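# Chains, contacts and geometry: an overview
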Amino acid sequence: MEAFAEYGYIGLFISAFGAATVLPIASEIVFSLLWTKGWDPIFLLGVATSGNVAGSFVNYAIGIFGGHWIMTKLLRLSEKEIHRAEKSFRKYGQSVLLMAWMPIVGDALTVVAGILKVKLIPFFCLVSVGKLVRYLILGWTVTQISN
């Protein structure tokens, strides 16, 4: 992950994008490294959030165009994860997308949003808010630890 940090904002965007998909990338490490090195916190928040949201749109597109087969065979999401995501949508509606930042379940939520054809504006807004809040909390936590 430190290799991504060497590329600064571009590395952060790529790691955040990949982390929103099923790639085993932890953008939090890159974000934290850059945060502690004094990079502009507002720009870090914007780059990390936009990369992570862009990755979620890939999942959304997979849901629209590939559906269940891609989720289980290509993305290797388990039936249990998919069922949990669908159950969450039935119980909480679109607001469940605020939790799209969560590991594994978040990926499933964004794919299921595509399958259910959630409208793009609510998808974008809810996913963006959830992911921004996650990075805000991470930045605050890193600041508290490093002080």
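Residues numbered from 1 in each chain as written. Predicted model: local features only at pLDDT ≥ 70, side-chain atom pairs only at ≥ 80, totals over all residues. Heavy atoms only, no water.

### Things to note about a nonpolar patch on the surface
Residues Leu98, Met99, Trp101, Val129, Leu132, Val133, Leu136 and Ile137 make up a contiguous nonpolar surface patch of about 630 Å² in total accessible area. Examined against the element boundaries, Leu98 turns out to sit in the loop between helix 6 (79-92) and helix 7 (105-115). For Leu98, a relative accessible area of 32% gives the class partly exposed. (Patch = residues over 30% accessible without salt bridge, like charges linked within 9 Å, V, L, I, M, F, W, Y side chains within 5 Å. Areas by Shrake-Rupley, 256 points an atom, 1.4 Å probe, with all protein chains shown as cover. Salt bridge = Lys/Arg side-chain N within 4 Å of Asp/Glu carboxyl O. Helix = DSSP H or I, 4+ residues; strand = E, 2+ residues; numbered from the N terminus. Buried < 20%, exposed > 50% of the residue type's maximum accessible area, 1.4 Å probe, protein only.)

### A word on unusual backbone geometry
Positioned with a positive phi, Lys117 is a non-glycine residue whose angle comes to about 55°. Relative to the assigned elements, Lys117 resides in the loop between helix 7 and helix 8 (120-146). Note on Lys117: relative accessible area 55%, which makes it exposed.

### A few points about helix 3 (residues 27-36)
Taken together, the buried positions of helix 3 are occupied by Ser27, Val30, Phe31, Ser32, Leu34 and Trp35. Immediately beyond the C-terminal end of helix 3, within one or two residues, lies Gly38, with a positive phi of roughly 90°.

### What to know about the packing of helix 3 against helix 4 (residues 41-65)
Relative orientation of the contacting elements helix 3 and helix 4 amounts to 165°, with a least axis distance of 10 Å. Relative to helix 4, the element helix 3 lies roughly antiparallel. The hand of the helix 3/helix 4 crossing is right-handed. The segment helix 3 lies against helix 4, with Ser27, Phe31, Leu34 and Trp35 engaging Pro41, Leu44, Leu45, Ala48 and Asn52. A breakdown of the residues in the contact of helix 3 with helix 4 according to their chemical character gives 7 nonpolar, 2 polar and no charged. (Axes fitted to C-alpha atoms, helices over the stretch in contact; angles between N-to-C directions. Parallel < 35°, antiparallel > 145°, perpendicular 65-115°, else oblique. Left-handed = near helix turned anticlockwise from the far one by under 90°. Contact = heavy atoms within 4.5 Å. Nonpolar A, V, L, I, M, F, W, Y, C, P; charged D, E, K, R; others polar.)

### A closer look at the side chain of Ser15
Residue placement: Ser15 occurs in helix 2 (residues 8-20). When its relative accessible area of 0% is taken as the criterion, Ser15 is described as buried. One polar contact links the side chain of Ser15 to the main-chain carbonyl oxygen of Leu12, over a distance of 3.0 Å. (Polar contact = N/O pair within 3.5 Å; in protein donor to acceptor, adjacent residues only side chain to side chain.)

### Quick look at the nonpolar core
In this structure, Phe89, Leu97, Leu109, Ala113, Val118, Phe123 and Val127 are the most contacted members of the largest nonpolar core, which totals 18 residues. Counting residues per element, the ones that place at least two in this core are helix 4, helix 6, helix 7 and helix 8. With 5 residues, helix 7 is the single largest residue contributor to this core. Excluding residues within four positions of it along the chain, Phe123 makes contact with Ser56, Phe57, Tyr60, Leu97, Thr110, Ala113 and Val118. Of all hydrophobic cores here, the second largest spans 13 residues; its members include Leu34, Trp35, Leu44 and Leu138. (Core = buried A, V, L, I, M, F, W, Y, C linked by side-chain atoms within 4.5 Å.)

### Some details on the environment of Ala54
Relative to the assigned elements, Ala54 resides in helix 4. With a relative accessible area of 25%, Ala54 lands in the partly exposed category. Sequence separation between Ala54 and Ser128 is 74 residues; the distance between their C-alpha atoms is 9.5 Å. When neighbours within four sequence positions are excluded, Ala54 is seen to be in contact with Phe13 and Phe17.

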